[in-house]
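Understanding the architecture of this molecule
So the chains spell out like this:
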Amino acid sequence: MRCLALLFGLLVLQQGHCFEFLVEGDWETEMPLKEQHGRFKRGVLTNEEQEDFEAVQGDDITVESYRVESRITSRFCHTTFKSFVVNSGPNAQSIGFHVQIPKRAFITNFTMNVNGVTFVGSVKEKTVARNLYAQARARGKAAGIVRANSQDMETFKAEVHVPSGNRIEFELHYQEMMYRKLGLYEHTLHLQPGRLVPRFQLDVYIYEPNGIASVEVPNTLGEHFTGLAQVTSNKHKAHVVFKPSLKQQRKCDNCTTSALSGIFTVKYDVIRESAAGELHVSDGHFVHFFAPTNLSPLPKNIVFVIDVSGSMWGVKMKQTVEAMQAILDDLTMDDYFSIIDFNHNVRCWSDELVQGSTIQVAEAKKYIQDIKPNGGTNINEALLRAGQILHKAANQGMLNSRSVSMIILVSDGDPTVGEIKLSAIQKNVKKIMREDFSLFSLGIGFDVDYDFLERIATENRGVAQRIYANKDASEQLRRFYSQVSSPLLRKITVLFPEGSVSDVTQNSFDKYFSGSELVVAGKVLPSDGTSLNSFITASSDRLDLSLQTEADYMRLDAELARQQHAFTGFARQMWAYITVNQLLSERSQAPTASRKRKITQRILNLAVEHQFVTPLTALLVESEEANEKLLADSPKDPRKGCCGGGSGTVIPERTPMVESPPPWVQLTTTPTPSPALGPLPERLTIVDNDPHFIIHLPKNNMDVCFNIDSKPGHILNLVSDPGTGVVVNGQLVGSKRVGVEKENVKTYFGTISVFSKLDGIMVTVSTDRIQLTDSKHNHSFSWGATADITQDRVKVSIVKDSQVTVTVDEKIRVMMLLHRVWKKHPTSVDFLGLYIPNSNQYSSKAHGLIGQFGQEPEVRVYNLHQGADPLKKEATMEVKGNKLAVTRGWQKDYRRDKKRGSDIFCWFIHNSGKGFIDGHYTTYIVPRLDSFLQRPL
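A brief structural summary. (Residues numbered from 1 in each chain as written. Predicted model: local features only at pLDDT ≥ 70, side-chain atom pairs only at ≥ 80, totals over all residues. Heavy atoms only, no water.)

**Details of the overall build of the chain**
Inclusion rule: Helix and strand definitions follow DSSP, with helices as H or I runs of at least four residues and strands as E runs of at least two, each counted in order from the N terminus. Note on definitions: a residue-residue contact is assigned when non-hydrogen atoms from the two residues lie within 4.5 Å. Throughout, the Shrake-Rupley method with a 1.4 Å probe supplies accessible areas, and for residues the shown protein chains are the sole cover considered.
If you tally the helices and strands in the chain, you get 13 helices and 53 strands. In the chain, the proportion of contacts linking residues at least 24 apart, taken out of those at least 6 apart, comes to 70%. Accessible surface for the chain amounts to roughly 37,800 Å². Of this, 48% is attributable to carbon and sulfur atoms.

**Topic: the pairing of strand β24 (residues 404–411)**
Threshold: Burial classes: relative accessible area under 20% of the type maximum marks a residue as buried, over 50% as exposed, and values in between as partly exposed (1.4 Å probe, protein chains only). Each pair of strands is called paired provided DSSP finds at least two bridges between the two strands.
In terms of burial, β24 is a largely internal element, eight of the eight residues being buried. Along β24, one buried face is formed by Val-404, Met-406, Ile-408 and Val-410 and the opposite face, lined by Ser-405, Ile-407, Leu-409 and Ser-411, is buried too. Inspection of the sheet shows strand β20 (residues 300–307) paired to β24 by seven bridges, in the parallel sense. Opposite Val-305, over in β24, you have Leu-409 as the bridge partner. Alignment of β24 against strand β25 (residues 437–444), held across seven bridges, turns out to be parallel. Bridge pairing links Met-406 to Ser-438 in β25.

**Considering the sheet that holds strand β19 (residues 285–290)**
Taken together, four strands build an open sheet; the order of strands is β18-β19-β30-β28 and the sheet is antiparallel. Two strands close off the open sheet at either side, each with one partner strand: β18 (278–282) and β28 (501–502). Bridge count for β28 against strand β30 (residues 518–524) is two bridges, and the pairing is antiparallel. The residue of β30 that forms the bridge with Val-501 is Val-524.

**Describing the pattern of salt bridges**
Definition in use: In the sections that follow, a salt bridge refers to a side-chain nitrogen of Lys or Arg positioned within 4 Å of a carboxyl oxygen of Asp or Glu.
The tally for this structure, following the rule as stated, stands at 41 salt bridges. The closest approach of N and O atoms between Arg-272 and Asp-269, which form a salt bridge, is 2.9 Å. For Arg-793, the salt bridge identified is with Asp-809, shortest N-O distance 3.1 Å. On the criterion of sequence distance, the pair formed by Arg-793 in the loop between β44 (786–791) and β45 (794–799) and Asp-809 in the loop between β46 (803–808) and β47 (812–819) is long-range, its members being 16 residues apart. Judged by relative accessible area, Asp-809 falls into the partly exposed class, the value being 29%.

**Regarding unusual backbone geometry**
Following Asp-690, the chain continues to Pro-691 via a peptide bond in cis, the omega torsion being -25°. Locating Pro-691 in the fold gives a position in the loop between β35 (685–688) and β36 (692–697). Phi angles above zero are rare outside glycine, and Arg-75 is one such case at about 70°.

**Looking at the packing of helix α11 (residues 570–588) against helix α12 (residues 593–610)**
Rules: Axis definition: a line fit to C-alpha positions, over the contact stretch in the case of helices; interaxial angles, taken between N-to-C directions, run 0 to 180 degrees. Relative orientations are named as follows: roughly parallel for angles under 35 degrees, roughly antiparallel for angles over 145 degrees, roughly perpendicular for angles from 65 to 115 degrees, and oblique for any other angle. Crossing handedness is read from the near helix: turned anticlockwise from the far helix by less than a right angle, it gives a left-handed crossing, and turned clockwise, a right-handed one. Here the term charged refers only to Asp, Glu, Lys and Arg, the term nonpolar to Ala, Val, Leu, Ile, Met, Phe, Trp, Tyr, Cys and Pro, and the term polar to all other amino acids, Gly among them.
Packing of α11 against α12 brings their axes to within 10 Å, and their N-to-C directions diverge by 155°. When the axes of α11 and α12 are compared, the pair comes out roughly antiparallel. The handedness of the crossing between α11 and α12 comes out as left-handed. Note on element contacts: α12 touches α11 through Arg-595, Lys-596, Ile-599, Thr-600, Arg-602, Ile-603, Leu-606, Glu-609 and His-610, opposite Arg-572, Gln-573, Trp-575, Ala-576, Thr-579, Val-580, Leu-583, Leu-584, Glu-586 and Arg-587. Its residues placed into classes, the contact of α11 with α12 shows eight nonpolar, four polar and seven charged.

**Concerning the sheet that holds strand β17 (residues 262–270)**
Taking strand neighbours across the sheet as the criterion, the four strands line up as β11-β12-β17-β14 in an open arrangement whose pairing is antiparallel. Edge positions in the sheet fall to β11 (180–181) and β14 (212–216), since each has one partner strand and no second.

**Considerations on the environment of Tyr-179**
Inspection of the secondary structure puts Tyr-179 in the loop between β10 (167–177) and β11. Along the primary structure Tyr-179 and Val-519 are separated by 340 residues, whereas in three dimensions their C-alpha atoms are 9.5 Å apart.

**Some thoughts on the state of the cysteines**
Our working definition: For this text, the term disulfide refers to a pair of cysteine sulfurs within 2.5 Å.
Inspection of the entire model under this criterion finds two disulfides. Across a sulfur-sulfur distance of 1.8 Å, Cys-252 and Cys-255 are joined as a disulfide pair. Taking the sign of the S-S torsion, 95° for the link of Cys-252 and Cys-255, the bridge is right-handed. Cysteine pairing in the chain follows 1-2, 3-4, where each cysteine in a disulfide is numbered by its order in the sequence.

**Digging into the packing of helix α4 (residues 315–329) against helix α9 (residues 473–484)**
Packed helices, taken two at a time, are described by the angle between their axes plus the distance between the axes. Packing of α4 against α9 brings their axes to within 8 Å, and their N-to-C directions diverge by 35°. Of the two possible hands of crossing, α4 and α9 adopt the one that is right-handed. Together, Gln-319, Thr-320, Glu-322, Ala-323, Ala-326 and Ile-327 of α4 and Ala-473, Ser-474, Leu-477, Arg-478 and Tyr-481 of α9 make up the contact between the two elements.

**Digging into the packing of aromatic side chains**
Inclusion rule: Planes of paired rings set the category: under 30 degrees apart is stacked, over 60 is edge-to-face and the rest tilted, where pairs are Phe, Tyr or Trp rings (Trp by its six-membered ring) whose centres lie within 6.5 Å. Consider the ring centre and the ring normal. A charge sits over the ring if Lys NZ or Arg CZ is within 6 Å of that centre and within 35 degrees of that normal.
The tally for this structure, following the rule as stated, stands at 26 aromatic pairs. Residues Phe-76 and Tyr-577 carry aromatic rings whose centres are separated by 5.7 Å and whose planes lie at 80° to one another, so their mutual orientation is edge-to-face. A residue pair is termed long-range when its members are at least 10 positions apart, and Phe-76 in strand β4 (residues 76–87) and Tyr-577 in helix α11 qualify at 501 residues. A residue is classified by how much of its surface remains accessible, and Phe-76, at 0% relative accessible area, is buried. With relative accessibility at 0%, the residue Tyr-577 sits in the buried group. Between the aromatic rings of Phe-290 and Tyr-512, the centroid separation amounts to 6.1 Å while the plane-to-plane angle is 45°, which identifies the pairing as tilted. Highlighted residues: Phe-290 in strand β19 and Tyr-512 in strand β29 (residues 508–513), separated in sequence by 222 residues. On the basis of relative accessible area, Phe-290 is assigned to the buried category, the value being 2%. We classify Tyr-512 as buried; its relative accessible area is 0%. The side chain of Arg-75 reaches across the aromatic face of Phe-289, ending 3.9 Å from its centre.

**Observations concerning the nonpolar core**
Which entries qualify depends on this criterion: What makes a nonpolar core is a set of buried Ala, Val, Leu, Ile, Met, Phe, Trp, Tyr and Cys residues whose side-chain atoms join them at distances within 4.5 Å.
Core analysis: the largest hydrophobic core is formed by 93 residues, its most contacted members being Phe-286, Val-796 and Phe-916. Residues within four places of Phe-286 in sequence aside, it is in contact with Leu-279, His-280, Val-281, Phe-496, Val-501, Val-504, Val-520, Ala-521, Gly-522, Lys-523, Val-524 and Leu-532. In terms of nonpolar packing, the next biggest core, distinct from the first, is built from 54 residues, Phe-110, Ala-238, Ala-259 and Val-270 among them.

**Some remarks on the environment of Glu-363**
Relative to the helices and strands, Glu-363 is located in helix α5 (residues 358–369). With a relative accessible area of 44%, Glu-363 lands in the partly exposed category.

**Quick word on the pairing of strand β48 (residues 831–836)**
In terms of burial, β48 is largely enclosed, as six of its six residues are buried. Neither face of β48 is exposed, since Phe-831, Gly-833 and Tyr-835 on one face and Leu-832, Leu-834 and Ile-836 on the opposite face are all buried. Here three bridges tie β35 to β48, and the two strands are oriented antiparallel to one another. Paired with Thr-685 across the two strands is Ile-836, which belongs to β48. As defined by bridge partners, β47 adjoins β48 across five bridges and the pair is classed as antiparallel. Bridging from a neighbouring strand, Leu-818 pairs with Leu-832 of β48.

Encoded structure:
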């Protein structure tokens, strides 16, 4: 996330090991903040300049091989570019090795073998490296730096003078974290060797411990290379290989030039079985990835602030208008918005937020279409006006307490009218923004002071992005908006048990957007335990969430050791990568020189330890004898006033690891349920297995059992209580019909629902997922994480792969136990058990197969005698005016032992409970999972 463009300029003027070097460029200097308000000179390559780029440069040279290898493990990537080149010309000449790398990457090493002299790189503090460099330069044995930037990539350049017939081998390493955007991770590699290569090969190895959901290699190199990229994958691993032959590289059959030029892209996503995310522990470090799905978007309150100064005239304005047309169409009736356009003056399309209705959107689009750019740039007044609109809406009670309020600024220039001092604008904007307001900054073109836009976004819980003024600028704007248009969660905090971790990266986040990912990393402290737990709290549209997951300390390391192409040090490097990026962001916002020095020292220590070339470190490349030295450090972007920040997602200032969770969350250190009414009692009503009903009658101190022999697909009403508005229904699923007659198929509960009519909320628990729905939303959760979800009066507590407890108004509680079976079992299927305490506070209107016993009947058992089975006594039961022949037997309570269960002795009622339940069991069959009983029984 910082500039990494590097250039070695190395000129060997005579054969042997005596080198002379030409220094081209100045050392990086930092500009005081107060001097940063002037226009910056363009510092990126134009499209025409980029067309001249070649990975290997020189006349009469032979590129014998060119290899690219990326190893991606748990979203962290180590990439190596390697080339073997021969000077096949008659004379000595300079040969260049150029690699374009992502701006967010850290170079970690560069090695080179020239004429038998091997140069090996090491990252050092910049002052140390400079001193060593200066000493070598004084002896004529040092190389200088020239900086070069392009749009999304930056260029590393090494040039060396090679005698005729001699060979040179280049090898560059860099590391980067994969960022998830719009539901995918995208890995890009710039391929432009500039000539035909006999042995060209690219390999991308992906290993994801929780599984790979998809891998795709879009054809970004043109039709010439259609179908040449091969992908092989299984659940956890993928291998992408691109190996065009000489013939396939040629532009035409008789051509001697290469058609290989462009960006090679690999996109993938991972399997997410747990709403709590993935917790990976390796090499004494942990990384927690959090990217929940199946949540409904939060309502948005947006003020669009658009620069319409004279510099926006022409293509910039046309593309901005085009993008805004599409963005406005994306608004819903739940969203509120307004538009401000500014030059030297500030105009408001509406002084108040308006609903995103079809009529309002149409009027806003017409307003945007009629804008004519001219004049200066009054950014300060425009942003203050936007903040005032949000304040006004909040004061009038217009803003949903769970909505997301944001300002989206689109500008191509520096302030030229009104307040032009950047530090003053920063203070003004920060003062007017509430804690719940966010600012997103989009800088269009090359001349914009992106560093300033980045700082004001970071300080106000937003992100910044550069929009390049070319033919697809409108698409860049729309793509950015797509990344922030669906906020799913607010106030997310990731916590860990006290004493289990240290050095945790940012663990509190203002928002989570659909298709993105939140990442927290840290060090694992020594422990006697075998696993690490993490706890997440967050709020969505109507839900309060508490999620829990855990990871074994040793399991992942053992698995990585078996993987040939895995990056075994990923967790350690990812933690350092995230930490350095966050510290660089903090450094750019440091309020005092003392604070800045402390942050600088931390960055230096980490960058040297983990071998990252950052704005504060340099790569010193030395020969084996250490008598020749080359130096490379990060270039200063001419658009920036300081060395912090860069393109991509901006990381806000770190927050402490330990925070107070919301009052509704109950955190534990072990995956145990946290239902509102405490643990389930020892004796209760149970429906489990085939399905076997065990009705506990506390006044009679008795358990009565019966079976229901219904059909798969039937929905049985268990509790129907119009008084409390609660209904509990269960849908039957049949065993596999392999080698058995249809009439002998066993049935189990495959789905159980709890519907609270007063809240309009239904919780549907199946063996696959847990769904919470209301009139507008459908939230879905897996069995893969321990979680507490609260919406209005309904609370859902999930214990990972074990049980779900639904509590309504702290009065009615239903627990469902998950039974998993061997997937290849010839007949058995996964099913649910139902456990309901007798203390539930039903109304007098309650009924259903279980609900009717809320009013406990009088029961008398007598005439106890020996039955046909000597192990089972028989008796007569009087209940509800009926005399029933009953058998003494037992059923199972599986709460403590899901495999064997615990015996519960009960009086068994034959014929599907006839005489014990009101009516016939078929009268309890209902049409839908939310149906109440309609017929009197």
